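Residues per chain are reported as follows:
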Amino acid sequence: MAEVSACPLHYPRQSRSAPAARQWPLRFAVALLLLLPAIAFAQLPSTKPKEFSPVVPDFNQLAADWWTQWPDVTQEQRSLWLNDVEKAWLDWSKAIPEDAELGDKVSAVKLRFAGIRKTWAKRDELKKVGVLPEVKFPEKPNVLQWAQSDAGVARGQQRLDGLRLEKSQMDESVAQSLSRLRERVLALRDKHRSDTKYLEATVDVFFAQLSHLQTLEEQRLLQEQLTAWQEELTIARAELERMLKDLQFSAEAAKKLSAARTQEKSNLEDLARERSDSQNLIFESSDAAVTMEQQLRMMNYSVEALENRLQVRKQELLLAMNSVLDANEAEEQKLSLSKDLVGNAETIRTNLIRQLTVRQRQIVAWVGEDAKAMAKWWREFEKVASGLGRAGDLIDDVKRYETAQLFVYRRQQGWWKTLGERFLHQFEDLRTSWRNLANYKLFAISEQPITLKDIAQMILVILAAWGCSRLLNWFLRRMVRKNRTSEQSSYTLWRILNYCIVLITIIILLTMVGLDTSKLTLIAGALSVGIGFGMQAIFSNFISGIILLFEQPLRVGDLVELESGVFGRIRDINVRSTRITTRDNVDILVPNSEFVTGRVTNHTLDDPVRRIHVAFGVAYGTDPEEVREAAMEAAERVPVTFTNWQRKTEVWLTGFGDSSLDFKLVVWVNSNAVSSLGDLTAIYNIELLREFNQRGIEIPFPQRDLHVRSWGPAQTANDTSPTVFKTEDAPVARRGSAGAEDWPGDAADHGDDAGAGDGGGEGGDGPAGH
């Protein structure tokens, strides 16, 4: 079988006035790009091509895949193959019994053969028709000739877009056709040859196979058309660019453009008068149908006016391009810029499309199933829709003309002379695009539309408020560093002003979303009710925070101890809570109300120096004076110990304990160092222990003597009989220990002595060996 790649159709092109020397390199490059995939998959010259032998299906036992090589063979081979298949079908169909239903299906199969051949005939006809036969590309064009060529290329681009849409729809049709074929094949496999429906299922499968082949041929035809149009449009765009480079000034073109512009402006004035008259008729009639007709007429006027404005803009651009080409013009020509025309035209067109959709829904609701009335109204809708389509094409034309104007001006006057105009043009395009995007409605609050512009403004307000807060914080910190104010005063002032900034920002944001500020009293009333019920705790904490900031019983950096046992330094006093950092570097958020209603110990309120009591004991017989000297020496080694002539470290003998002399080390410490050093009592205990060990001072510990008493006669080592205890009734033999749990009656009376018997060997100096 000879392997042939799927080459595009070579449609004949109409001869043009451009010389062949300018066209053949571009055509050759395009053809080379299109043939690259075929070249990549071509066989090597040394490889012998496979011979093709068409597969003719056996209708008595129809195969499901006899057609699978169809997309890979040439057009000539497919034609011969189809003839063979049709001949085999005609021979087999003669034996089909006469039946009305089978007869219809056999006729449908014949139509499929004819449909495949019609697709081939259409392909041959398209080869004879040029892709862009009406488009001319003259050698020395003027602006009118360039505009005509541009319009033809634009129509060709629309045709290409339509082919792409048809191609995507045809791809879906191929997938659906293949799915139907698979269903028919499965239905045939479920039938037995002796089944009466087997013959009908065979015809259905063959019909589905031919339908799929016809769909593949139509897909191939669309792909070839699409490739040809893409190639031709690529060449046409290059020709348009060449025409822009070779544009010539034409006085006749300037006259025609001026006359056309004058006529369009006159038509625009007439439309304005007619629109005004129709506007008055809308309010004079009370009939809904008449009102709808007038509204559709108004929409037609608006569409026509939009088309006229865009036509005028196109003529102005062509006039500007023609003027800059005039070599006799001494004055430098400026770009013809229209800042808002395209943006406004797109907005008007979008609004008209939305209005048309609303009117169509109204007519559907009014007319219902009346086909005649529906057709009447729909003809009016088609007029408006057609005008809107033309307006969209004109908007695209204006955009292309503006780009062409920049190209011609830059080529004639130099890029440096048009740099400012081009920059302004691009800036206007960006501003128009941003305006359209910014005015896009996202949602509505109380019938107030919220757009992207509103969201951006809200974000800017929030960022400005945050910047003011940070700037204020920096200024107050600077004042603290210069010792012009205290840290606590600056912190309090920053907090109060920060709350004011937040409140003002919230009011501004509420105003931006459409909330009437005069209604804030109602909101305040509703808020007070909410505070009284659900927000009572939050409001209480907020007021407590304000009290703490103004009264200043607590300041940032104070070392506090709460009634709940929380101990640490204050880091922040916020709206709802205060942050405390413990000695373990754990942040605890404490509600502000707890500082106002509960008991709080502030170790650094006025004076960070405070006194602590460290209790310890020594053994009896130790010299108290030596103990005092040792404790004083240990206290001096602790770095936070504070001593002056008013606050001295002291050692008190507080009592005589059971086994020790009880002392207290009374020492003044600096509370600001508590968080970094940990528990002060532990630090002093360590120093006391170290000093006592060096001086040989004994720290006592509790001791207890245990006395074990035996009951009854002593037993010898060889006597293993159990101890017998007598009671008033009868003797009872008991085994095991003679603990308190073995004694009835008076065991509780001897509980202390008996209980002490367990573990007597661990006692101190008592007679544990008895």
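Note that the coordinates shown come from a computational prediction; the quantities given were computed from them, not determined experimentally. (Residues numbered from 1 in each chain as written. Predicted model: local features only at pLDDT ≥ 70, side-chain atom pairs only at ≥ 80, totals over all residues. Heavy atoms only, no water.)

K.L.:
Can you tell me about the overall build of the protein, naming the residues and giving the values?
P.N.:
Along its length, the protein carries 19 helices and 13 strands. When each of the 770 residues of the protein is scored for burial, the buried share is 36%. Roughly 46800 Å² of accessible area belongs to the protein as shown, and the carbon and sulfur atoms make up 54% of that amount. (Helix = DSSP H or I, 4+ residues; strand = E, 2+ residues; numbered from the N terminus. Buried < 20%, exposed > 50% of the residue type's maximum accessible area, 1.4 Å probe, protein only. Areas by Shrake-Rupley, 256 points an atom, 1.4 Å probe, with all protein chains shown as cover.)

K.L.:
Before we move on, could you go through the side chain of Gln219 and cite the residues and values that matter?
P.N.:
Note that Gln219 resides in helix H5 (residues 198–245). Side-chain polar atoms of Gln219 contact the side chain of Asp171, separated by 2.7 Å. Beyond its immediate chain neighbours, meaning those up to four positions away, Gln219 contacts Lys167, Met170, Asp171 and Val174. (Polar contact = N/O pair within 3.5 Å; in protein donor to acceptor, adjacent residues only side chain to side chain. Contact = heavy atoms within 4.5 Å.)

K.L.:
Just give me the short version of the sheet that holds strand E5 (residues 577–581), but keep the residues and values in it.
P.N.:
One open sheet accounts for five strands, arranged E6-E5-E4-E3-E7; its pairing is antiparallel. Only two strands of the sheet have a single partner each, and these edge strands are strand E6 (587–591) and strand E7 (600–602). Strand-to-strand twist of the sheet, defined as the mean angle between neighbouring strand axes without regard to direction, takes the value 40 degrees. Of the strand pairs in this sheet, E5 and E6 are connected by five bridges, and their pairing is antiparallel. Following the sheet pairing, Thr581 is matched in E6 by Asp587. (Pairing = 2+ DSSP bridges. Axes fitted to C-alpha atoms, helices over the stretch in contact; angles between N-to-C directions.)

K.L.:
Describe the packing of helix H16 (residues 624–636) against helix H18 (residues 680–695), naming the residues involved and giving the relevant values.
P.N.:
The packing of two helices is summarised by the inter-axis angle and the distance between the axes. The N-to-C vectors of H16 and H18 enclose an angle of 130 degrees; their axes lie 9 Å apart at closest approach. Looking at the two axes, H16 sits oblique to H18. As for how H16 packs across H18, the hand of that crossing is right-handed. Contact with H16, carried on its side by Glu626, Val627, Glu629, Ala630, Ala631, Glu633, Ala634 and Ala635, involves Tyr684, Glu687, Leu688, Glu691, Phe692 and Arg695 of H18 and no other residues of that element. Partitioning the contact of H16 with H18 into residue classes produces eight nonpolar, no polar and six charged. (Parallel < 35°, antiparallel > 145°, perpendicular 65-115°, else oblique. Left-handed = near helix turned anticlockwise from the far one by under 90°. Nonpolar A, V, L, I, M, F, W, Y, C, P; charged D, E, K, R; others polar.)

K.L.:
Provide a residue-level description of the confidence of the model for the protein, including the pertinent values.
P.N.:
For the protein, the mean per-residue pLDDT works out to 78, and 76% of the residues sit at or above 70. By mean pLDDT, the top-scoring element of the protein is strand E10 (residues 650–656) (92), and the lowest-scoring one is helix H19 (residues 751–755) (40). Contacts for the low-pLDDT stretch residues 34–49, under 50 throughout, to residues beyond four places or in other chains number eight contacts. (pLDDT = per-residue confidence, 0-100.)

K.L.:
Help me get a handle on the pattern of salt bridges, residues and values and all.
P.N.:
By the definition in use, this model includes 28 salt bridges. Put simply, Arg313 and Glu316 hold a salt bridge, and the shortest N to O gap is 3.8 Å. Residue Arg313 and its partner Glu316 are both found in helix H7 (residues 288–324); the two are separated by three residues, about one turn of the helix. (Salt bridge = Lys/Arg side-chain N within 4 Å of Asp/Glu carboxyl O.)

K.L.:
Which residues make up a nonpolar patch on the surface, and what values go with them?
P.N.:
A surface patch of nonpolar side chains, amounting to about 380 Å² of accessible area, comprises Tyr440, Leu442, Phe443 and Ile445. In this structure, Leu442 sits in strand E1 (residues 441–445). A relative accessible area of 40% means that Leu442 is categorised as partly exposed. (Patch = residues over 30% accessible without salt bridge, like charges linked within 9 Å, V, L, I, M, F, W, Y side chains within 5 Å.)

K.L.:
An account of the nonpolar core is requested, with residue identities and associated values reported.
P.N.:
Judged by nonpolar contacts, the single largest core of 43 residues is most densely connected at Val143, Trp146, Leu244, Leu247, Leu318 and Met321. Among the elements of the structure, helix H4 (143–189), H5, helix H6 (251–284), H7, helix H8 (341–367) and helix H9 (371–413) are those that each provide at least two residues to this core. Of all the elements, H9 adds the most residues to this core, at nine residues. Setting aside its immediate chain neighbours within four residues, Met321 contacts Val143, Trp146, Leu244, Leu247, Tyr401, Ala404, Gln405, Val408 and Tyr409. (Core = buried A, V, L, I, M, F, W, Y, C linked by side-chain atoms within 4.5 Å.)

K.L.:
Outline the side chain of Ser302, listing residues and values.
P.N.:
Mapped onto the secondary structure, Ser302 falls in helix H7. In this structure Ser302 comes out as buried when scored by relative accessible area, which is 16%. When sequence neighbours within four positions are dropped, the list of residues in contact with Ser302 reads Arg275 and Leu352.

K.L.:
Mind laying out the environment of Pro639, listing which residues take part and the relevant values?
P.N.:
Note on placement: Pro639 falls in the loop between H16 and strand E9 (641–642). Spatially, the C-alpha atoms of Pro639 and Asn670 are 9.2 Å apart, while their sequence positions differ by 31 residues.

K.L.:
Can you lay out a positive patch on the surface for me, pointing to particular residues and giving the numbers?
P.N.:
Judged by side-chain charge, Arg470, Arg477, Arg478, Arg481 and Lys482 come together as a positively charged surface patch. Take Arg478: it is sitting in helix H11 (residues 452–481). For Arg478, a relative accessible area of 34% translates into the label partly exposed. (Lys, Arg positive; Asp, Glu negative; His and termini not counted. Charge placed at Lys NZ, Arg CZ, Asp CG, Glu CD.)

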